[in-house]
Amino acid sequence: MSLKSDSPSFVLKAVEDVAYEDRPIPELGDHDVLVEIRKTGICGSDVHYLTHGRIGLFSSISTTLSELISGVIAKVGTAVTNVKVGDRVAVEPGASCKRCDDCKAGKYNLCTDMVFAATPSLPRYYKVPSDLTYILPENMTFEDGAMIEPLAVGVHSVSYLGNFKANQNIVVTGCGPVGLVTMAVAKALGARRIIAVDIVPSRLDFAKRYVAAEVYAPPKMEKDESKVDYARRNASLMKDQLGLTDRGDSRIDLVVECSGVEVSIQTAFHVIGTGGTVLQVGMGAQDAAINMGALSAKEVTYKGSFRYGPGDYSLAIALVSSGKIDLKPLVTHRFTFDQALVAFKATKAGKSEDGKDLIKAMISGVDHTADQA
């Protein structure tokens, strides 16, 4: 395929300040590839970067936006052997240093020198080390490829960190895109019960349709009720309503907390079964009070989950290509490259201008139409 002479890019300049720029086509190192972007998805962190310039401990000013990427290999470095020009690929957007202790231990997602989507990820061309590209099977679309990034987050939390097994029970708090793919992974691995928790009825309805989840809508806080007391009351109502116990077949083996809301985190420790695991995926409350009594008495394992690591992308692709997970229902809105700002505003609002609820917005590559999957 022939290279174009320009690389238009959608760039974050400052908080609420974005611009279209024509950036130079990156020069490749021996082990790099150049990907012509076909689809880019928008995630919640992108909206945080756009509106606040950071999310949690991480800032992203003077760089480009979004890391859900798929495309076609347009050029390869001289030492690249795993892909070739013309291959359709999903792109893992975080390049680690490959030298630090975390990288050597196989935990490259914890690398402090990670370069995460720091070259244009909403341009025509994207430069990335070749080992971070994954060939898409013929039965997967470019939209599927872009959605592998959030799915890999679900794989990392449920399969790798949660060690989730068939016939176990899971609760997922927060039914945004990451929560939904987390449930999809649990279903693909043979979950007995999947329980979705959210305060938005339409999200619960979608979870019920998407993965046949049981659903729970937390009550409102009462006047002068503390967060700790609310969490205890909320957990009691949830366990009564769904018939959950601390032991036996009705115990919860894994809670994946995807909202980052403090009372949701606190509720998890009352809901989790004895000996179970609570995984923190959502980034929200920086300093949350948790129930140390439940943590100790039930011998709960509490872990943080950060992005994805070795094998997560490959397993995510395998689950989709084998038909165990269908990502297509999650893409609810599609935009052209020229409509990128409209796509970000819709994602921030959670709905488009016509009022349709948004789960995942997908932006097509430069010179490609929105309806090309």
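Attention here is on the structure that accompanies the text. Remember, it's a predicted structure, so these values are computed and weren't measured experimentally.

1. Considering the nonpolar core
For soluble globular proteins, nonpolar side chains are generally found buried alongside one another. Judged by nonpolar contacts, the single largest core of 54 residues is most densely connected at Ile148, Met183, Ile325 and Leu327. Among the secondary structure elements, those contributing two or more residues to this core are β7 (68-76), α3 (142-161), β13 (169-173), α4 (177-188), β14 (193-197), α5 (201-211), β16 (254-257) and α9 (312-321). Looking at which element gives the most residues to this core, the answer is α3, with ten residues. The residues contacting isoleucine 325, other than those within four sequence positions of it, are Leu151, Ala184, Val185, Ala188, Tyr210, Leu319 and Val320.

2. Considering the packing of α4 against α5
α5 packs onto α4 with a crossing angle of 25 degrees between their chain directions and a minimal axis gap of 10 Å. Taken together, the axes of α4 and α5 lie roughly parallel to each other. Once α4 is placed against α5, the crossing between them reads as right-handed. On α5, the residues touching Leu180, Met183, Ala184 and Lys187 of α4 are Phe206, Ala207, Tyr210 and Val211. In terms of residue class, the contact of α4 with α5 is built from seven nonpolar, no polar and one charged.

3. Some words on the state of the cysteines
Under the criterion given, the structure shown has zero disulfides. Between cysteine 175, a free cysteine, and cysteine 258, which holds the nearest cysteine sulfur, the sulfur-to-sulfur gap is 8.6 Å. On the basis of relative accessibility, which here comes to 3%, the residue cysteine 175 falls in the buried class. What makes cysteine 258 buried here is its relative accessible area of 17%.

4. Regarding the pairing of β13
Along β13, five of the five residues are buried, which leaves the element largely enclosed by surrounding structure. Of the two faces of β13, the one carrying Asn169, Val171 and Thr173 and the one carrying Ile170 and Val172 are both buried. Direction of pairing for β13 relative to β14: parallel, over a ladder of five bridges. Among the inter-strand pairings, valine 171 is bridged to a residue of β14, identified as isoleucine 195.

Calculation notes
Here, residues in each chain are numbered from 1, in the same order as that chain's written sequence. Per-residue local features of the predicted model are confined to residues with pLDDT of at least 70, and side-chain atom pairs are confined, for both listing and counting, to 80 or more; whole-chain, interface and lining totals are unaffected and use all residues. Side-chain metrics rest on all non-hydrogen atoms present in the structure, leaving aside hydrogens and water. Take the buried Ala, Val, Leu, Ile, Met, Phe, Trp, Tyr and Cys residues and link them wherever side-chain atoms come within 4.5 Å; each set so joined is a nonpolar core. Under the scheme applied here, a residue whose accessible area is under 20% of the maximum for its type counts as buried, over 50% as exposed, and between as partly exposed, the area being computed with a 1.4 Å probe on protein chains only. Under the scheme used here, helices are H or I runs from DSSP no shorter than 4 residues and strands are E runs no shorter than 2 residues, and both carry numbers assigned from the N terminus. Contacts: residue pairs with any heavy atoms within 4.5 Å of one another. Axis definition: a line fitted to C-alpha atoms, over the contacting stretch in the case of helices. Angles run 0 to 180 degrees between N-to-C directions. Angle categories: roughly parallel below 35 degrees, roughly antiparallel above 145, roughly perpendicular from 65 to 115, and oblique for all the rest. Here a crossing is called left-handed whenever its near helix is offset anticlockwise from the far helix by less than a right angle, and right-handed whenever the offset is clockwise. Three classes are used, and their members are as follows: Ala, Val, Leu, Ile, Met, Phe, Trp, Tyr, Cys and Pro are nonpolar, Asp, Glu, Lys and Arg are charged, and the others, Gly among them, are polar. Here, the term disulfide refers to a pair of cysteine sulfur atoms separated by no more than 2.5 Å. In short, DSSP must find at least two bridges between two strands for them to pair.

Functional significance is not addressed by these values, which are geometric in nature.
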